[in-house]
Amino acid sequence: MAFAPVMMKLDLQKEISEQLNIEEIFNFKIGSVTLGFDESTVVSWIIMAVITLLAILLTRNLKVEGTLSKRQLLLEMCYSKMESFFKDLLGEEGKGYIPWLMSTAIFIGASNMIGIFGFKPPTKSMQVTAAMALTSIVLVEFSGIKAKGLGGHLKAFAQPVAIVTPINMLELIIKPLSLCMRLFGNIIGAFIIMELLKAVVPVFVPMVFSLYFDLFDGFLQAYVFVFLTSLYIREAVEPAEPEEKKPKKQKGKKKKQAADLEAAA
């Protein structure tokens, strides 16, 4: 009996290691280069294929006039809610990036909850979260250059004063690292908690917590990712505040003040 806790600890460590290990599914060679595709890549393809298929099926036979189907009314309501949410975050200048943000939110949400169907969530792999974070920051920088021009975007790094330029430059590394590690860390943390619960209380309780970690927390992390990306885009496309112009010195100012003093006397 004394060895039971030790054995349970070893089994739990083995289970967690197996679940966190991203195995290669297949590979092929192009000349001397070998291209390998692991579980996270293949599952990501499956998610994208399913989302694409659903999008095609759900948007068939949509109407502009006449009686609208319940399916179309539901789709329009969901789209309007999401569009309104992102418009409030992005402002008028950044509304062109709403479709990309919607697609990202749906993909991350689906990736986080796909564990319910027996697949390993792609977001358990840091290469997936890092790629998504890098893509987001590239889009942020592109939006800034598009809105202000290359010169104006570079000048923004010296705002509000030139001395903070190195700190603003560091944000090019800090922002994607923050997005990557936040998403990856939360998904891994939720998975480890679930495995601990299954080891300690194997019946009923894990099912309840699974609803939270696989559904609610999965969509919450998708929300946080696109929320922060929206704020970064808003910051990048916002026009710079005009500098206050110093009042010009008037000629004969001292003489005028002296004349005013004499008149008041």
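Structure: above.
Okay, so let's go over this structure. None of the values given here were measured: they were computed from a predicted structure. (Residues numbered from 1 in each chain as written. Predicted model: local features only at pLDDT ≥ 70, side-chain atom pairs only at ≥ 80, totals over all residues. Heavy atoms only, no water.)

## Brief notes about the overall build of the protein chain
Point 1. Scanning the protein chain from terminus to terminus reveals eight helices and two strands.
Point 2. Within the protein chain, the proportion of its 265 residues that are buried is 29%.
Point 3. Sequence-distant contacts in the protein chain: of pairs separated by 6 or more residues, those separated by 24 or more amount to 65%.
Point 4. Total accessible area on the protein chain stands at roughly 18,100 Å², and carbon and sulfur atoms take up 67% of it. (Helix = DSSP H or I, 4+ residues; strand = E, 2+ residues; numbered from the N terminus. Buried < 20%, exposed > 50% of the residue type's maximum accessible area, 1.4 Å probe, protein only. Contact = heavy atoms within 4.5 Å. Areas by Shrake-Rupley, 256 points an atom, 1.4 Å probe, with all protein chains shown as cover.)

## Considering the packing of aromatic side chains
Point 1. For the structure on display, the rule yields four aromatic pairs.
Point 2. A ring pair is formed by Phe-85 and Tyr-223, whose centres lie 5.6 Å apart and whose planes are at 40°; its orientation type is tilted. Of this pair, Phe-85 sits in helix 3 (residues 70–90) while Tyr-223 is found in helix 7 (residues 205–237), placing the two residues 138 residues apart along the sequence.
Point 3. Residue Tyr-223 is classed as partly exposed on the basis of its relative accessible area of 39%.
Point 4. When the centroid spacing of 5.7 Å and the interplanar angle of 25° are considered together, the rings of Tyr-223 and Phe-227 count as stacked. On the criterion of helical spacing, the pair formed by Tyr-223 and Phe-227 is a turn pair, its members being four residues apart in helix 7.
Point 5. Owing to a relative accessible area of 25%, Phe-227 belongs among the partly exposed residues under this scheme. (Phe/Tyr/Trp six-rings, centres within 6.5 Å; stacked < 30°, edge-to-face > 60°.)

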